[in-house]
Amino acid sequence: MGSDTTSITYTENLQKFLRLSQNGSIIAEYIWVDADGGVRSKSRTLPEKAEGYTPNDLPIWNFDGSSTGQAPNGDSDVYLKPVAIFPDPFRGNPNILILSECWNADGTPNKFNHRHECAKLMAAHAETEPWFGLEQEYTLLDLNDRPYGWPKNGFPAAQGPYYCGVGAGKVVQRDIVEAHYKCCMFAGVKISGTNAEVMPAQWEFQVGPCEGIEMGDHLWLARFLLHRVAEEFGAKVSFDPKPIPGEWNGAGLHSNFSTKDMRDEGGMKAIEAAIKKLEGRHAEHIAVYGEGNEKRLTGRHETGAIDSFTYGVANRGASIRIPRECAAKGCGYFEDRRPASNADPYQITGIMMETCFGAVSE
Ligand code: ADP
Ligand code: MN
Ligand code: MN
Ligand code: MN
């Protein structure tokens, strides 16, 4: 760890406290998405229940929305409505992590609660059996916001050796990546893989396939776990889509998608039909595919240009890529390469359903 870090957790010392009895109580960590695409959380004590909790029998809680940019001072209470429960890899069983939706006091969903709309779309089109797999790219920064391991004044050698790199000088902070992988597995997050990325200090993990609303839930939980693990190692996680300008790859959230029709024999017809619909709504998709994405979608560094919609088999410079293997089989899935690393997975998966299968009537 760098000498300029200000937070160090003495994990070994912590162990003896973590082993203490909780005397019939559990610690529940309520987690929510904030106004800046980050996560917030706070803890409370609940009685231990032998059969465990479901979201419906957990208490609705609240927080001060004026401190998170999610509510005005005069009417600051925002309600936390539990929607998904995961085992807590930090405190261990029987403690839990609770992903929550944010609701205003007047009974409307909070402005930053994109899950609510997404869940309606997923329910309306559930018969299509939508599967998603998201590839979350991110950059690890030191506490001075410099990519980890980069020289203080100057740059590392040009890109090439870092992607899927092995060895000192090629990758940094692998401990964070490994710890995060295990945390996801313990929590039941459907993490499907991980790799070092093209820019040094950049990594990726994949979550999926997940069906419907589960995609957003699992990706947000995976983001929470990553921030939380990196906190212990004194590193910051950046989801900036172009953390370093110039000849350095940006960071995306490639979104792989299929329905039952696409996965079945002859599914290429359904894939092509979906791509046609996506073509007609390029601007609407870009609008929810992340802040600052114009810096990343330049048509260079394995991206398509932001103002044009393109697709192709095995084409990493297109908006949409059909994997070679799927083209050969005539069915499978496609990859939307446009979303930025900081996009909200509820918005991505929601608009995918809306574009391909229609909006939900109120
Ligand atoms: P890339 O070659 O673009 O780097 P990755 O291996 O990183 O691809 O990610 C592929 C993602 O696609 C994984 O998250 C995986 O779960 C997902 N995926 C695989 N099959 C399907 C499918 N039929 N429908 C949706 N997603 C899928
Ligand atoms: Mn990938
Ligand atoms: Mn990648
Ligand atoms: Mn990809």
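Remember, predicted model here, so these are calculated numbers, not experimental data.

K.L.:
How should helix H9 (residues 345-357) be read in this particular structure?
P.N.:
Along an α-helix, residues three or four apart share an orientation, since each turn contains 3.6 residues. Relative to the 18 Å expected for 13 residues at 1.5 Å per residue, H9 spans 18 Å between its end C-alpha atoms, a close match to the ideal helical length. For H9, the tally of buried residues reaches ten of 13 residues, placing the bulk of the element in the interior. Here H9 has its buried residues at Pro 345, Tyr 346, Ile 348, Thr 349, Gly 350, Ile 351, Met 352, Met 353, Thr 355 and Cys 356. A distance of 2.7 Å separates the backbone nitrogen of Tyr 346 from a side-chain oxygen at the start of H9, and that oxygen is part of Asp 344. One or two positions beyond H9, positive phi appears at Gly 358, with a value near 105°.

K.L.:
Is there a simple way to explain the packing of aromatic side chains in this structure?
P.N.:
Pairs of aromatic rings are described using the distance from one ring centre to the other and the angle between the two planes. Going through the model one piece at a time under the given rule, you end up with nine aromatic pairs. Ring geometry for Tyr 30 and Trp 61: centres 5.0 Å apart, planes at 70°, overall edge-to-face. Taken together, the residues Tyr 30 in strand S1 (residues 25-33) and Trp 61 in strand S3 (residues 61-64) connect sequence positions 31 residues apart. When sorted by exposure, Tyr 30 lands in the same class as Trp 61, which is buried. Centre to centre, the rings of Tyr 138 and Phe 205 are 6.0 Å apart; their planes meet at 50°, and the pair counts as tilted. In this pair, Tyr 138 is assigned in strand S6 (residues 131-141) and Phe 205 in strand S8 (residues 202-211), connecting sequence segments 67 residues apart. Across this residue pair, the class does not change: Tyr 138 and Phe 205 are buried. Each member of the aromatic cluster is reached from another via a ring pair, and the members are Phe 132, Phe 257 and Phe 334. One residue, Arg 223, lies across the ring of Phe 239, its end atom 5.1 Å from the ring centre.

K.L.:
Quick question: what am I supposed to make of the domain arrangement of the chain here?
P.N.:
When the parts of a complex come together, some accessible area is lost, and that lost area is often used as the size of the interface. Each domain of the chain was delimited in the assignment, giving domain 1 (5-113) and domain 2 (122-357). A C-alpha centroid distance of 26 Å is found between domain 1 and domain 2. Opposite the 22 residues of domain 1 that make contact, domain 2 presents 19 residues. Across the interface of domain 1 and domain 2, roughly 1800 Å² is buried in total on both sides, 75% from carbon and sulfur atoms. Of all residues in domain 1, Val 39, Phe 86 and Phe 90 bury the most surface against domain 2, accounting for 33% of the area lost on that side. Where domain 1 touches domain 2, the interface holds zero salt bridges. There are zero residue pairs in polar contact (both at pLDDT 80 or more) connecting domain 1 and domain 2.

Definitions and limits used
Residues numbered from 1 in each chain as written. Chains lettered and ligands numbered in written order. Predicted model: local features only at pLDDT ≥ 70, side-chain atom pairs only at ≥ 80, totals over all residues. Heavy atoms only, no water. Helix = DSSP H or I, 4+ residues; strand = E, 2+ residues; numbered from the N terminus. Expected span 1.5 Å × (residues − 1). Buried < 20%, exposed > 50% of the residue type's maximum accessible area, 1.4 Å probe, protein only. Polar contact = N/O pair within 3.5 Å; in protein donor to acceptor, adjacent residues only side chain to side chain. Phe/Tyr/Trp six-rings, centres within 6.5 Å; stacked < 30°, edge-to-face > 60°. Lys NZ or Arg CZ within 6 Å of the ring centre and 35° of its normal. Domains from an automatic or database assignment. Contact = heavy atoms within 4.5 Å. Buried area = accessible area lost by both parts, 1.4 Å probe. Salt bridge = Lys/Arg side-chain N within 4 Å of Asp/Glu carboxyl O.

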